[in-house]
Amino acid sequence: MATVSFAERLIAWHDGHGRHDLPWQRDPSAYRVWISEVMLQQTRVTTVIPYFGQFTARFPEVGVLAAAPLDEVLALWSGLGYYARARHLHQTAQAVSTQHGGQFPRDMATLSALPGIGRSTAAAILTLAMGLRHPILDGNAKRVLARHHAITGWPGDAAVARALWELAERCTPHHGFAAYTQAIMDLGATLCARARPVCGDCPVANDCRARILDRIPEFPGRRTRPTLPVRKTLFVILMNPAGAVFLERRPTAGIWGGLWAFPECPPELDPLPWAANHYGLVVTHTATWATVRHTLTHLHLDITPWLGSVATADENITTSTTLGHRKTIPKKTIEESPTLWYNPRHDPPGGLATPVARLMARLIDQPTFDSTAIVRETK
Ligand code: SF4
């Protein structure tokens, strides 16, 4: 079966059965294709749609995104996970604005060198927004090609990746490449899904090697994961008499970079003197919750939530940040402040690390939680 026939069948299928009304398919500018491609990495279309709408409504073009505070970008990203993607979006928007006159580069080398834009994302932008032929190999295309051609091995291995890129190059037609690109992404996202592919409706089922061999679950191959190490930590959850919770901004590099989180105390230390030394806070221990496990790509984090109340807060901390409500604090103050008191019933001051958001929700559910005092304070 000639590869052009593979492409033709995909395009014909997409014409009749593919999705043509996704928000980023309307006005497929480089900016909108880029945002959608980054959001769609590791995230389902149905999850991405509302995020894409809110994000592009607030940041309708690259210059607006470049000028926005990182906190606001992270806040709009809250819930999508993999926050490095949001930080890279912000960095790339700034690079496009300052180094490329507000226009996305039209050559693969320059475009794919921008933060968070790999070869496949660059190819999608060049193909879908600029009409230039470049094969893509996102997660969906990888799955379709690996199954259709029974390519063994984990796509993260260099040799397997090379084989898949060669295949992507061979399969991408010289005419109708934009339609083909949409089609293979759509097939992977719908019929050729990770679990329970619908081969009966698939336009390339008759020569799909994985289906013929009855080995579909083996493709694409999985990574053999080493056992993840476990790290223990204490989340120190401090509440003041006004019902506000103490948060600290994480350093830009490392886990949850730039997000707001509870202070983390090494588990071998006593949080009482630790909080006094670090923040000048006099704390009374009120509770310790059961340890929860949060798994990251490279480790299991066993988090023990340690709760305390603070009768009075240090002047240096409270002067500019006691209010804890987004609308009441000038953005500049939030941006510059490494700590703040935050009312959990209000919008977060920026992006919250996922386990922090979960614990915050649990905190609000506590029968003793009362934020009436701080509501009065922020009026
Ligand atoms: S036949 Fe099934 S496994 Fe093969 S490409 Fe189509 S949907 Fe995927």
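Residues numbered from 1 in each chain as written. Predicted model: local features only at pLDDT ≥ 70, side-chain atom pairs only at ≥ 80, totals over all residues. Heavy atoms only, no water.

This part covers the nonpolar core. Membership of the largest hydrophobic core comes to 93 residues, with the highest contact counts inside it found for Trp34, Phe55 and Leu145. In terms of residue count, the dominant contributor to this core is helix α2 (residues 30–40) (seven residues). Residues lining this core come from more than one domain, with at least three contributed by each of domain 1 (3–218) and domain 2 (230–378). When near neighbours in sequence (up to four residues on either side) are disregarded, Leu145 contacts Phe6, Leu137, Ala150, Ile151, Leu164, Leu167, Ala168, Cys171, Tyr180 and Ile184. By size, the runner-up hydrophobic cluster in this structure holds 14 residues, among which are Val236, Phe246, Val310 and Trp341. (Core = buried A, V, L, I, M, F, W, Y, C linked by side-chain atoms within 4.5 Å. Buried < 20%, exposed > 50% of the residue type's maximum accessible area, 1.4 Å probe, protein only. Helix = DSSP H or I, 4+ residues; strand = E, 2+ residues; numbered from the N terminus. Domains from an automatic or database assignment. Contact = heavy atoms within 4.5 Å.)

Within helix α9 (residues 139–148), seven of the 10 residues are buried, which leaves the element mostly enclosed by the surrounding structure. Taken residue by residue, α9 has Ala141, Arg143, Val144, Leu145, Ala146, Arg147 and His148 as its buried positions. Directly after α9, the chain includes Ala150, whose backbone phi takes a positive value near 50 degrees.

This next bit is on the confidence of the model for the protein. Note: predicted coordinates in regions of low pLDDT should not be interpreted at a detailed level. Per-residue confidence for the protein gives a mean pLDDT of 87; residues scoring 70 or more make up 89%. Within the protein, the element-level pLDDT minimum falls on helix α17 (residues 372–378), averaging 33, and the maximum on helix α4 (residues 62–67), averaging 98. (pLDDT = per-residue confidence, 0-100.)

This part takes up the pattern of salt bridges. By the definition in use, this model includes nine salt bridges. Between Arg58 and Glu72 there is a salt bridge, with its nearest N and O atoms 2.6 Å apart. Of this pair, Arg58 sits in helix α3 (residues 45–58) while Glu72 sits in helix α5 (residues 70–77), and the two are 14 residues apart along the sequence. Residue classification places Arg58 among the partly exposed residues on the basis of a relative accessible area of 33%. Notably, a salt bridge pairs Glu169 with Arg133, separated by 3.1 Å at the nearest N-O pair. Linking Glu169 in helix α10 (residues 158–171) with Arg133 in the loop between α8 (119–128) and α9, this pair joins segments that are 36 residues apart in sequence. Via salt bridges that share partners, Arg231, Arg250 and Glu264 belong to a single interconnected network. (Salt bridge = Lys/Arg side-chain N within 4 Å of Asp/Glu carboxyl O.)

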